[in-house]
Structures are given as C-alpha cells and as structure tokens.
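Structural overview for review
For reference, the chains in residue letters:
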Amino acid sequence: MSTSTSTLPMILEEVEVTGVDRLSPSFVRIELGSAGLAEIGPDGPLLDQRIKLIFPGASGQLPDFTGADESWYAAWMALPEAERGSMRTYTIRAVRGRGADTRIVVDIVLHPGAGEHGPGADWAEAARVGDRVVLVAPRVGHDFGGIEFDPGEATEVLLVGDETAVPAVAGILRDLPADASGAAYLEVPVVQDFLDDVVPPTGVKLTWIARDGAAVGQRLHAAVAAHLGVGAELPDADDVTEADVDPELWETPTYSSSGEALPESGRPHAGLYAWIAGESGMVTGLRRHLVRELGVDRSQVAFMGYWRQGVAMRG
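Heads up: these notes are all about the structure in this document.

About the criteria used
- Residues numbered from 1 in each chain as written.
- Predicted model: local features only at pLDDT ≥ 70, side-chain atom pairs only at ≥ 80, totals over all residues.
- Heavy atoms only, no water.
- Helix = DSSP H or I, 4+ residues; strand = E, 2+ residues; numbered from the N terminus.
- Buried < 20%, exposed > 50% of the residue type's maximum accessible area, 1.4 Å probe, protein only.
- Contact = heavy atoms within 4.5 Å.
- Areas by Shrake-Rupley, 256 points an atom, 1.4 Å probe, with all protein chains shown as cover.
- Arc of directions from axis to C-beta.
- Lys, Arg positive; Asp, Glu negative; His and termini not counted.
- Salt bridge = Lys/Arg side-chain N within 4 Å of Asp/Glu carboxyl O.
- Polar contact = N/O pair within 3.5 Å; in protein donor to acceptor, adjacent residues only side chain to side chain.
- Pairing = 2+ DSSP bridges.
- Axes fitted to C-alpha atoms, helices over the stretch in contact; angles between N-to-C directions.
- Phe/Tyr/Trp six-rings, centres within 6.5 Å; stacked < 30°, edge-to-face > 60°.
- Core = buried A, V, L, I, M, F, W, Y, C linked by side-chain atoms within 4.5 Å.

What about the overall build of the chain?
Secondary structure summary: the chain contains six helices and 13 strands in total. Taken across its 315 residues, the chain has 51% of its residues classed as buried. In the chain, the share of contacts with a sequence separation of at least 24, taken over all contacts with a separation of at least 6, comes to 72%. When the accessible surface of the chain is split by element, carbon and sulfur atoms take 50% of a total near 13900 Å².

Below you can see the structure in the form of structure tokens.
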C-alpha cells in the first residue's frame, strides 16, 4: 500500500526495509527505500537531522496516510491505539543513491538487557528486508526543522552524548569543516559498541567510553569535567536529584523548554559551542555545570534530553 502524500511540505511516506545490519550489541542499522525518497531534504548538510518513524501497532498494520493533508497528525492521533501504532524520533545516519533509488540509513539503539525496550527497539530487533514503516522526513525545498547543531562563530566544539545520540554526533562529525577543532565524548553500554565508521576531523578528538554496568552518564560526566579542566570542582553526576530533572529538557541557542531567557554575551568560554544530548539526567547535570558553575553563555549550548531512564518516551 502506498501512502505517498506529495502535496505536504514534508515526506509522509510508507517505506520498505531494504537492508538490516547488526552493527554491535546495542546498534542495528536499517536501510529504508521508497521512490518518494527522491525528494528527501534538507538542502544542505544533514548534521543531526531528526526524522520520525511510525511503527505498526497491535493490529500489525500501518496507518494509511493516502491523501493526507496538513491535519494528518491530528487525524493520526485520533485513531485507536492498535491502529495508530507508535511514533519515535531518530537521526538520518546517511542518504544513499539518487532519484527513485534513494535510500536513507537509520541507526537504532536496541537497549539489550536494559529491560526498557520501546516499540522502536522491539521493531528494529526483529526487522527484516521487506518490512514496512511510515517515515516523516524533510522534503527538499521546505523548512522541516530538526537540525539543532548551530555553532555560529565558535572556534571550538564540544559534542557529548550517550548511545541514543551516537547517530547525531556521527552526522555532525561527518559534516564539520575539515579544519574544525574540539572534542567529542560518546558513552555506550559496552566496548563492542564503539563504531569504526564514526570519524571526526583531524582537529576533533573523539573519545569512546564503555559504561560496563556503571550508572548511565556517570563516566561520561566525569570525562567531560576532566576535559574542561575542572573535574575536582564539579559535583558528581549523582548529585542531580529527580526533582532537578526535566525529562523533556530541550535548550538551544534559540529555544528553552523551561522558558529561560538568553543571557547577555561576554561570559567565559566565548569560543566554545557545546552540543549535549542523551539521557535527561545526564544532560541536566552537565547543563548545570556548564551554565551555572562554569558560566558558559546559554547562547553557546544545545542541551537535549532524548530520553529519561525509567520513563516511556512519547515519540
């Protein structure tokens, strides 16, 4: 069944799995294809471009978006849950081919042994060539949003993420200028999750950290604190309490989920741009230290809570 809706300013398309590659214990790479992907955007670099996938619900069927207009989301939400399925957010890892042969690649985290599997991880674990999902993605020539990396005139970048942010950081590293400088820190469950195809520019040092049973973000937090040269001054990540954490934390140089105003410029670390994403508790702890303790200007940071441990994400 085709669900192409070419009149919409985004791609809302039923796509087919054309390849499945288990990269590591925690990552599976899914290649998706459809003739409608010939119009995939954006017009410039992909960077951390977000998309959404809609997975089949209990009925086993995908919702039908044939002829959908700009009220498609409200109509989808009005469907019974078994027919609606589940929507989750991912990053475009790569675009392959051209025209009707265009394919997009998405790396999905499986959370093996975590006991917190969501519909996306469950679907990806069992995905086979020929399976189908619905894709919501940018259409070339239209504003879709979904790219948060915006370093402006920064002279140094700091990229930080757990496994859920690995695809986004990989995309940013791929599209950075060749003369970029800075550091990237990625925490993943086990050393087997270190991915060889995440390649930074020469001037950006990439550090992989294996959690190996430690609390999410604990080792990552310590490594970033040491990188900033103030490790002894920063409280441990465990000092972040549940009351401190906004599970939907999302702050960029132009938007704050808490409504916090942007401060005046001229604070320390003027040349730094920090992009930090992953588990909300980890992100909250690092936000506190960069903005409150170190005085990094809020206009120089992007903090994004992709998920919250023990909390089911809505998409």
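Examining helix H3 (residues 119-126)
Regarding H3, the residues found buried are Gly120, Ala121, Trp123 and Ala124. The arc that holds every buried residue of H3, seen down its axis, measures 165°, which confines them to one face.

Section: the side chain of Arg84
Structurally, Arg84 is set in helix H2 (residues 81-84). Buried Arg84, no salt bridge; nearest opposite-charge side chain is Glu81, N-O distance 4.7 Å. Within the structure, Arg84 has its side chain in polar contact with the backbone oxygen of Met77 (distance 3.3 Å). A polar side-chain atom of Arg84 sits 2.9 Å from the main-chain carbonyl oxygen of Leu79. When neighbours within four sequence positions are excluded, Arg84 is seen to be in contact with Ile54, Phe55, Pro63, Trp76, Met77 and Leu79.

Some thoughts on the environment of Val198
Positionally, Val198 belongs in the loop between strand E8 (182-188) and strand E9 (204-210). Considering only alpha carbons, one finds Val198 and Gly171, 27 residues apart in sequence, at a separation of 8.3 Å. In this view, Val198 contacts Arg93, Ala170, Leu173, Leu186, Leu206 and Trp208; residues no more than four positions away in its chain are not counted.

Focus on the sheet that holds strand E5 (residues 103-109)
Pairing within the closed barrel is antiparallel, and its six strands lie in the order E1-E2-E5-E4-E3-E6. Ignoring which end each strand starts from, the neighbouring axes of this sheet average 45° apart. Here strand E2 (residues 27-33) pairs with E5 via seven bridges, running antiparallel. Residue pairing for E5: Val28 is matched across the bridge by Ile108. In the packing of helix H4 (residues 166-175) onto the sheet, the strands contacted are E2, strand E4 (86-96) and E5, and the crossing angle to E4 comes to about 30°.

Some thoughts on unusual backbone geometry
Cis geometry marks the peptide bond from Gly41 to Pro42, where omega comes out at 0°. You can see Pro42 is positioned in the loop between E2 and strand E3 (50-55). Of note in the backbone geometry, Leu47 takes a positive phi value of approximately 50° without being a glycine. Structurally, Leu47 can be placed in the loop between E2 and E3.

Focus on the pattern of salt bridges
Within this structure, the stated rule accounts for 14 salt bridges. Among the ionic pairs, Glu14 bridges to Arg132, the shortest N-O distance being 2.7 Å. In this pair, Glu14 is assigned in strand E1 (residues 10-22) and Arg132 in strand E6 (residues 132-138), connecting sequence segments 118 residues apart. Residue Glu14 is classed as buried on the basis of its relative accessible area, which comes to 5%. A relative accessible area of 30% means that Arg132 is categorised as partly exposed. Across the pair Glu163 and Arg211 runs a salt bridge, and its minimum N-O distance is 2.5 Å.

Observations concerning the packing of aromatic side chains
In total, this model carries seven aromatic pairs according to the counting rule given. On the numbers, 5.7 Å between centres and 90° between planes, the contact of Trp72 with Tyr73 is edge-to-face. Using a relative accessible area of 10% as the deciding quantity, one classes Trp72 as buried. In this structure Tyr73 comes out as partly exposed when scored by relative accessible area, which is 41%. Summarising the aromatic geometry, the rings of Tyr73 and Trp76 are spaced 5.7 Å apart at their centres and angled 45° between planes, so their arrangement reads as tilted. Of this pair, Tyr73 and Trp76 are both found in helix H1 (residues 72-77), three residues apart, which corresponds to roughly one turn of the helix.

As for the nonpolar core
Membership of the largest hydrophobic core comes to 31 residues, with the highest contact counts inside it found for Phe149, Leu173 and Trp275. Elements that contribute at least two residues to this core include exactly strand E7 (156-161), H4, E8, E9, strand E12 (272-279) and strand E13 (301-307). Considering each element in turn, this core owes the most residues, six residues, to H4. Core analysis: the second largest hydrophobic core is formed by 24 residues, Leu32, Ile108, Trp123 and Leu135 among them.

Comments concerning the pairing of E6
Where burial is concerned, most of E6 is hidden: six out of the seven residues are buried. The pairing of E1 with E6 spans seven bridges and is antiparallel. Bridging across to E6, Glu13 finds its partner in Leu135. As paired elements, E3 and E6 share three bridges and run antiparallel to each other. Of the residues in E6, the one forming a bridge with Ile54 is Val134.

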